[in-house]
Amino acid sequence: MAQQEDVFKKIVSHCKEYGFVFPSSDIYDGMGAVYDYGQNGVELKNNIKQYWWQSMVLLHENIVGIDAAIFMHPTTWKASGHVDAFNDPLIDNRDSKKRYRADVLIEDQLAKYDEKIQKEVDKAAKRFGDAFDEAQFRSTNARVAEYQQKRDALHERFATALNDNNLEELRQIILDEEIVCPISGTRNWTEVRQFNLMFKTEVGSTADGASTIYLRPETAQGIFVNYLNVQKTGRMKLPFGIAQIGKAFRNEIVARQFIFRMREFEQMEMQFFVKPGTELDWFGRWKQTRMAWHQALGFGTENYRFHDHDKLAHYANAATDIEFHMPFGFKEVEGIHSRTNFDLSQHAAYSGKKIEYFDPESNESYTPYVIETSIGVDRMFLSVMCHAYTEEQLPNGESRVVLKLPAALAPVKLAVFPLTKKDGMPEKAQEIIRDLRFHFNCKYEEKDQIGKRYRRMDAIGCPYCVTVDQQTLQDNTVTLRDRDTMEQHRVNIADLRSIIEDKVSITSLLKRIDN
Ligand code: GAP
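Description of the structure in this document. (Residues numbered from 1 in each chain as written. Predicted model: local features only at pLDDT ≥ 70, side-chain atom pairs only at ≥ 80, totals over all residues. Heavy atoms only, no water.)

### Some remarks on the overall build of the protein chain
To be explicit about the condition: By definition, any uninterrupted DSSP run of H or I lasting at least four residues is a helix, any uninterrupted run of E lasting at least two residues is a strand, and each is numbered from the N terminus. As a reference, a globule follows 2.2 Å times the number of residues to the power 0.38, and the radius of gyration itself is taken over C-alpha atoms. The rule is simple: take the accessible area with a 1.4 Å probe, protein chains only, and divide by the maximum for that residue type; under 20% is buried, over 50% is exposed, in between is partly exposed. Should any heavy atoms of two residues lie within 4.5 Å, those residues are considered in contact. Neither His nor the chain ends contribute to the count of charged residues, in which Lys and Arg are positive and Asp and Glu negative. Charge placement uses NZ in Lys and CZ in Arg. For Asp and Glu, CG and CD serve respectively.
Secondary structure summary: the protein chain contains 18 helices and 23 strands in total. Whereas a compact globule of 515 residues would reach a radius of gyration of roughly 24 Å, the protein chain reaches 26 Å, a difference of no more than 12%. Projected onto its principal axes, the C-alpha coordinates of the protein chain cover approximately 75 × 65 × 55 Å. Evaluated residue by residue, the protein chain yields a buried proportion of 49% over its 515 residues. In the protein chain, the proportion of contacts linking residues at least 24 apart, taken out of those at least 6 apart, comes to 66%. The positive charge centre, built from 67 side chains, and the negative charge centre, built from 76, are 3 Å apart in the protein chain.

Written out as structure tokens, the structure reads:
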């Protein structure tokens, strides 16, 4: 665990050192849970967004995109339920004066039981070698059984408390499980209280009678309030989807784990409108589609899992998370929710507009049901970084840090180096870039020895490097070096585009999921 925390710290500093993520307002010592993306970070982030957007809008004839404003009419948030119920249960430790989310403290405790069980399994696997039967061990080992029983009991109690909105019970669980504050190490806890996560601001001058508005805590409502506009102007037939990428804001009290939980973040959400009664079928389909999108990145199927919700929102009839194995455990990256017709019905009631669909097949009007897929760009970014960050020992005794990013997501696709700064090599290298820059992101580097330049490119995950040398000037060939294998071979400059373009394009990823 400590080792994993160590790796995570290294990833955070790597992000800063190589221009991926900076603390916001860094010169003023940063701001809690707010971050800026640097020159490489923004490229990686844009590529993630492009992969998502194209997978939705290009690959599905019945999905279109919109870009709604961040500010919305204040009644939106009354109708959606956010004003009354977008709360986190918070608890304070009286000694450290630190504030925590009570549900997160308990979830961490559940994860501790999981870790204990896994430790026993790993120990036994080592002891028994090939003869090890994990399923049998899990069902017969007394210690594993004891941990499992405690975990299951806690899980059930926790789910019930959440469903009943029972804040006293949440506190009692924390006391009974002897959960301590990580800072003070004590169990001196306050009561649990609800805290609304929306940021407020004012529109108009106070003299005119300013009104309170909110920074949107999710992009989804911008889609719901545009349902009629899009359905009518696009002549959309059910089932159809509306996709959107945009900023969302939440006053997260417990800011932890770098860009995992931010106060200003970005979401990629798609609301899929379906005929009532078909929603659970579509929920199942979208679960598979979204998992395939993640797994096409090649990070290993074992690093993903579904986590069905213990507490369903009152309007949902199914909900699951796609979790990714981060250095700090399996964590939610995406949520898939079957939201029934709650949002559209609420907006119809609050706006007084009829928000329905006339079904030409059945000749009836109804309020569509909705399946939502909702993924955080920043969390996705973090999972990509965590998986890509690799420290390698090389055969020559040296070591390197390399970001093994999927080539299609890498910020820079090709670096071009002149071997030396003379004999026309820099000019030749620039010529290659001038030609290829229309097709993918290229970078010119002439400073330092070639070995150092390779290391710098490895550290930003650049999949290909090309070196222009004496031979290039005679026969128009260059050495092409592969980031992961570090192998080099000579290729014609004229072939570079065809060798690289397909591998680094978002299309290469889309083809993996289009079946
Ligand atoms: N419209 C549904 C919705 O917003 P959510 O589970 O609250 O659902 C969806 O959020 C996704 O947004 C999460 O799976 C996560 O990736 C991302 N997300 C939520 N809060 C976040 C935060 N404070 N910082 C970064 N990403 C966040």
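### A look at the packing of aromatic side chains
The test is simple: Here a Phe, Tyr or Trp ring, Trp counted by its six-membered ring, pairs with any other such ring whose centre lies within 6.5 Å, and the pair is stacked when the planes are under 30 degrees apart, edge-to-face when over 60, and tilted otherwise. By the criterion adopted, a ring carries a charge over it if an Arg CZ or a Lys NZ lies within 6 Å of its centre and within 35 degrees of its normal.
Applying the stated criterion across every chain yields a total of 20 aromatic pairs. These aromatic residues form a ring-pair network of at least three members: Phe224, Tyr227, Phe240 and Phe273. When the ring centre of Tyr454 is taken as origin, the NZ or CZ atom of Arg481, which lies over that ring, is 4.2 Å away.

### Focus: the side chain of Arg483
The line we're drawing: Polar contact is defined as a pair of N or O atoms within 3.5 Å, subject to the rule that within protein one atom must be able to donate a hydrogen and the other to accept it, and that residues adjacent in sequence are counted only when both atoms are side-chain atoms.
Turning to its location among the elements, Arg483 is positioned in the loop between strand 22 (477-482) and strand 23 (488-492). On the accessibility criterion, Arg483 (4% relative accessible area) is buried. A polar contact is formed between the side chain of Arg483 and the side chain of Asp484, at a distance of 2.7 Å. Discounting residues that sit within four places of it in the chain, Arg483 has contacts with Arg400, Val402, Leu403, Lys404, Leu405, Asp458, Gly461, Cys462 and Pro463.

### Points about the packing of helix 2 (residues 39-58) against helix 13 (residues 377-388)
Helices that pack against each other are described as a pair by the angle of their axes relative to one another and the distance between those axes. Condition: Axis definition: a line fitted to C-alpha atoms, over the contacting stretch in the case of helices. Angles run 0 to 180 degrees between N-to-C directions. Working rule for angles: under 35 degrees goes down as roughly parallel, over 145 as roughly antiparallel, 65 to 115 as roughly perpendicular, anything else as oblique. Two helices crossing with the near one rotated counterclockwise from the far one by less than a right angle form a left-handed crossing, whereas a clockwise rotation gives a right-handed crossing.
Following both chains from N to C, one finds helix 2 and helix 13 inclined at 110°, their axes separated by 10 Å at the closest point. Taken together, helix 2 and helix 13 sit at an angle that is classed as roughly perpendicular. As helix 2 runs across helix 13, the sense of the crossing is right-handed. In this structure, helix 2 uses Gly41, Leu44, Lys45, Ile48 and Lys49 to contact helix 13, whose residues at the interface are Val377, Asp378, Met380, Phe381, Val384 and Met385.

### Regarding the packing of helix 7 (residues 142-163) against helix 8 (residues 167-176)
For clarity, the cut-off: Residues are grouped as follows: Ala, Val, Leu, Ile, Met, Phe, Trp, Tyr, Cys and Pro are nonpolar; Asp, Glu, Lys and Arg are charged; every other residue, Gly included, is polar.
Orientation of helix 7 relative to helix 8, taken along the N-to-C sense of each, is 155°, at an axis distance of 9 Å. By the angle class used here, helix 7 and helix 8 are roughly antiparallel. Together, Leu154, Arg157, Phe158, Ala161 and Leu162 of helix 7 and Glu169, Leu170, Gln172, Ile173 and Asp176 of helix 8 make up the contact between the two elements. The class makeup of the residues in the contact of helix 7 with helix 8 is six nonpolar, one polar and three charged.

### Structural notes on helix 17 (residues 496-504)
Side chains that are three or four residues apart share a direction in an α-helix, a result of its 3.6 residues per turn. Keep this limit in mind: What the arc describes is the spread of directions from the helix axis to the C-beta atoms.
Every buried residue of helix 17 is accounted for by Leu496, Ile500 and Val504. Each buried residue of helix 17 lies within a common arc of 20° when the element is viewed along its axis, so the set occupies one face.

### Some points on the pairing of strand 17 (residues 389-393)
Consecutive side chains of a regular strand alternate in pointing toward one face of the sheet and then the other. In plain terms, the rule: For two strands to be treated as a pair, DSSP must find no fewer than two bridges joining them.
Pairing analysis gives five bridges linking strand 17 to strand 18 (residues 399-403), with the strands arranged antiparallel. Directly across from Tyr389, in strand 18, lies its bridge partner Leu403. Counting the residues that bridge the hairpin from strand 17 to strand 18 gives five residues, and of these Gly397 lies at a positive phi of roughly 90°.

### Here's the deal with the sheet that holds strand 11 (residues 304-308)
One open sheet accounts for seven strands, arranged 3-9-10-16-13-12-11; its pairing is mixed. Single-partner strands in this sheet number two, and they are strand 3 (63-65) and strand 11. In this sheet, adjacent strand axes meet at a mean angle of 25° when their direction is disregarded. In the sheet, strand 12 (residues 318-326) pairs with strand 13 (residues 329-338) via nine bridges, with the strands oriented antiparallel. Paired with Glu323 across the strands is Glu332, a residue of strand 13.

### Considering the sheet that holds strand 5 (residues 99-101)
As summarised here, the arrangement of the three strands in space is 5-4-6, forming an open sheet in which the pairing is antiparallel. Here the strands that pair on one side only, and so sit at the sheet edges, are strand 5 and strand 6 (193-196). Direction aside, the axes of adjacent strands within the sheet are offset by 45° on average. Bridge count between strand 4 (residues 87-92) and strand 5: three bridges; the pairing is antiparallel. The partner of Asp92 across the bridge, within strand 5, is Arg99. Sheet strands in contact with helix 8 are strand 4 and strand 6, and its direction is about 45° off that of strand 4.

### Some thoughts on the pattern of salt bridges
Selection criterion: For salt bridges, the criterion is a side-chain nitrogen of Lys or Arg within 4 Å of an Asp or Glu carboxyl oxygen.
For the structure shown, the criterion picks out 39 salt bridges. A salt bridge links Asp26 to Lys16; the shortest N-O distance between them is 3.0 Å. You can see Asp26 sitting in the loop between strand 1 (21-23) and strand 2 (35-37) and its partner Lys16 sitting in helix 1 (residues 2-17), a full 10 residues away along the chain. Overall, the relative accessible area of 31% leaves Asp26 in the partly exposed class. Of the charged contacts, one joins Arg481 and Asp458 as a salt bridge, the two residues approaching to 2.9 Å between their closest N and O atoms. Within this pair, whereas Arg481 is found in strand 22, its partner Asp458 is found in helix 15 (residues 450-459), the two being separated by 23 residues in sequence. One network of salt bridges, with partners in common, ties together Glu392, Glu398, Arg400, Lys404, Arg455, Asp458 and Arg481.

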